[in-house]
Amino acid sequence: MIKLDFTGATPFLEVGDLIPEAQVQKAAQDLYTGNGIGSKFTGWVDLPETYDRSEFKRIKSAAAEIKSESDALLVVGIGGSYLGARAAIELLRSPNYNLITKPTPNIYFVGNNLSAKHLSEIMHLLRDKNFSLNVISKSGETTEPAIAFRVLKNMMERRYGDVGARSRTYVTTDKNRGALKQMAEREGFPTFSIPDTIGGRYSVLTAAGLLPMTVAGVDIDRVMAGAYDAMKTYTEEHSMKNPVWQYAAMRQALYRKGKSIEVLACYEPAFRFMAEWWKQLYGESEGKDGGGIFPASVELTADLHSMGQYIQEGARTLMETVVSFDTFRRDIEVPLMAEDLDGLNYLAGRGMEHINAVAKRATMEAHIAGGVPTMELSLPDMDETAFGWLVYFFQLACGISGYIQGVNPFDQPGVEAYKKNMFQMLGKPGY
Ligand code: PA5
């Protein structure tokens, strides 16, 4: 399914720079057998096989209920509690999902910032719409979604009464712990759980991602089937032929050679939130102990007219990973004009997809020539199966890459620093 081409990166490495196969093997084995650091949080490795089928059914019934009674679903969550769902909906449905004519509810993502402007605009949009709410928080205690939930719960109770509001509120949180779990039990909200062994940024294939995706009309059976095939393929190939091993090892080898920034590039705007999801995954997993590759992203060709200059000629600390899709459902031909006033007749009759593909090839060649090691990950199609594969590919590669780097890829102690300051400044009891 996924093809990895790293011929654009190898010229930047000598044989002695490569990560030895034994080291990659050990990192992978530690991950699969639960012997590595942070192994309490590796439940996502076999999730595509072991996921809770009865919860999966409940997700589908809840989505059907939401679709039947609401014009909109508010997804309240931050970080791993919203990025995966948003990535899937934008990639598989549309970045303009809320604007297109469709039989499924609009989806609004809130609780991922502290902006009153953002939240009040969405509340205003909902003034004459029926809506449901899915509040997602593994810890159940994160400030941003907790504030948004409190505000929206209030709005719902005024609109639908206590009983009506309760039946429209769906909670996704830890099975046993946290303020949100306690509130869900007290109020009797329908509740879904994120397994104990899966941290936020690895949770897209749990209810955290699957419920909003299903409401938006994404076929989650196909997502899980894609992830399952990826799991089988990548965890059963124990050699450097494995593209996951190759990707993890190449990026770590390049990092050791001073390429401390990885730019994820895609020529499809629908990929934007997939890149945001990827940045959280890699940034929180590897950015610790004073090291780690800084994950950045560009949307091409748009960013060739902003970040392109830096990538081509700025500090040579970059590596680039390009994600491509081979099949396109739609194309637009450049029309022939009697008068060639804009000078584009040389392109007449050619499809935009062809021109986009040429732009990609030309850019990759230019970047490599300019000193940017470049890898390309190609997927056959932009569909549910490919999404499941890609999620699994990146998660597995992240775990292995983190272990090669020598960090715990499953914690995020640094996230606490801002919270501590903020809570002190806000006068939270105990701070
Ligand atoms: O990867 C993680 O665990 C974090 O980045 C979380 O996704 C993020 O902090 C949101 O946490 P929670 O789901 O507990 O509200």
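From a predicted model like this one, the values you see are computed outputs, not experimental measurements.

Draft legend 1. Quick look at the pattern of salt bridges. If you walk through the whole model with that rule in mind, you get 24 salt bridges. Residue Lys129 pairs with Asp128 through a salt bridge whose shortest N-O separation is 3.6 Å. Judged by its relative accessible area of 33%, Lys129 falls in the partly exposed class. Overall, Asp128 belongs to the exposed group, its relative accessible area being 54%.

Draft legend 2. Highlighting the site of the ligand. Surveying the vicinity of the ligand reveals 13 residues, the closest of which are Ser81, Ser137, Thr142, Gln280 and Glu284. Here Gly80 contributes a backbone N or O atom positioned 2.8 Å from an oxygen atom of the ligand. Measuring from an oxygen atom of the ligand, one finds a backbone N or O atom of Arg201 at 3.0 Å. Cavity membership is defined here by more than half of the atoms lying within 2 Å of grid points; on that basis the ligand lies in the largest pocket. Considering only residue class, the shell around the ligand consists of 1 nonpolar, 9 polar and 3 charged.

Draft legend 3. A look at the pairing of strand β9 (residues 318–325). Among the 8 residues of β9, 8 are classified as buried, and the element is accordingly described as predominantly covered. Here β9 shows a buried face lined by Leu318, Glu320, Val322 and Ser324 and a second buried face lined by Met319, Thr321, Val323 and Phe325. Note that strand β7 (residues 261–266) and β9 share 6 bridges and pair parallel. Residue Leu264 lies in a different strand from β9, and its bridge partner there is Thr321. The pairing of β9 with strand β10 (residues 374–379) spans 6 bridges and is parallel. The residue of β10 that forms the bridge with Val323 is Leu377. Once you follow β9 into helix α13 (residues 352–369) and on to β10, the crossover reads as right-handed.

Draft legend 4. Highlighting empty space enclosed by the protein. Summed over the entire model, instances satisfying the criterion amount to 1 cavity of 30 Å³ or more. By volume, the largest cavity amounts to about 30 Å³. Forming the boundary of the largest cavity are Lys153, Glu157, Asp162, Ala165, Arg166, Thr169, Glu187 and Phe189. Per-element accounting of the lining of the largest cavity gives the leading share, 5 residues, to helix α6 (residues 143–167). Grouping the amino acids of the lining of the largest cavity by side-chain chemistry returns 2 nonpolar, 1 polar and 5 charged.

Draft legend 5. Structural view of the sheet that holds strand β6 (residues 191–194). Taken together, 5 strands build an open sheet; the order of strands is β3-β2-β4-β5-β6 and the sheet is parallel. The two strands at the open ends of the sheet, each matched to only one other strand, are β3 (106–110) and β6. With strand direction ignored, the average angle separating the axes of adjacent strands in the sheet is 20°. Running over the sheet, helix α3 (residues 53–69) touches β2 (72–76), β4 (131–137), β5 (169–174) and β6 and is turned about 135° from β6. Strand contacts of α6: β2, β3, β4 and β5, with the helix running at about 140° to β4, the strand carrying the most contacts.

Draft legend 6. Representation of helix α8 (residues 207–215). With respect to burial, α8 is a largely interior element, 9 of its 9 residues being buried. Backbone geometry just downstream of α8 places Gly217 in the positive-phi region, at approximately 90°.

Draft legend 7. Highlighting the nonpolar core. Phe271, Trp277, Phe387, Phe394 and Ile400 are the most contacted members of the largest nonpolar core, which totals 96 residues. In terms of residues, this core owes the most to one element, helix α14 (residues 384–405), which gives 14 residues. Listed in part, the 21 residues of the second largest apolar core include Leu119, Leu133, Leu152 and Ala165.

Draft legend 8. Local environment of the layout of surface pockets. Size it by volume and the largest pocket reaches roughly 1,600 Å³. Along the walls of the largest pocket sit 50 residues, with Ser137, Ser139, Glu141, Thr142 and Lys419 positioned nearest its centre. When contributions to the lining of the largest pocket are tallied by element, the ones reaching two or more residues are β4, α6, α7 (179–187), α11 (272–286) and α15 (416–426). Of the residues forming the lining of the largest pocket, the biggest block, 10 residues, is contributed by α6.

Draft legend 9. Looking closely at the sheet that holds strand β1 (residues 3–8). Spatial ordering of the open sheet is given by β1-β10-β9-β7-β8, a layout of 5 strands whose pairing is mixed. The open sheet terminates on both sides in strands that have one partner only, identified here as β1 and β8 (294–299). Between one strand axis and the next, the sheet turns by 20° as a mean value, whatever way the strands run. Packed on one face of the sheet, α13 meets β1, β9 and β10 and runs near 155° to β10.

Draft legend 10. Spotlight on the environment of Glu276. Position of Glu276 relative to the elements: it lies in helix α11. With relative accessibility at 28%, the residue Glu276 sits in the partly exposed group. Sequence spacing of Glu276 and Ile293 is 17 residues, and the spatial spacing of their C-alpha atoms is 15 Å. Among the polar contacts made by the side chain of Glu276, one reaches the side chain of Lys279 at a distance of 3.1 Å.

Conventions we followed
- Residues numbered from 1 in each chain as written.
- Predicted model: local features only at pLDDT ≥ 70, side-chain atom pairs only at ≥ 80, totals over all residues.
- Heavy atoms only, no water.
- Salt bridge = Lys/Arg side-chain N within 4 Å of Asp/Glu carboxyl O.
- Buried < 20%, exposed > 50% of the residue type's maximum accessible area, 1.4 Å probe, protein only.
- Near = heavy atom within 4 Å.
- Polar contact = N/O pair within 3.5 Å; in protein donor to acceptor, adjacent residues only side chain to side chain.
- 1 Å grid on protein atoms, 1.4 Å probe; cavity = no way out; pocket = protein on both sides within 12 Å on 5 of 7 lines; lining within 4 Å.
- Sits in = over half its atoms within 2 Å of the grid points.
- Nonpolar A, V, L, I, M, F, W, Y, C, P; charged D, E, K, R; others polar.
- Helix = DSSP H or I, 4+ residues; strand = E, 2+ residues; numbered from the N terminus.
- Pairing = 2+ DSSP bridges.
- Right-handed = clockwise from strand over helix to strand, strands pointing away.
- Points joined across faces, edges and corners; volume = space filled by probe spheres on them.
- Axes fitted to C-alpha atoms, helices over the stretch in contact; angles between N-to-C directions.
- Contact = heavy atoms within 4.5 Å.
- Core = buried A, V, L, I, M, F, W, Y, C linked by side-chain atoms within 4.5 Å.

Geometric descriptors of this kind do not, in isolation, establish any biological role.
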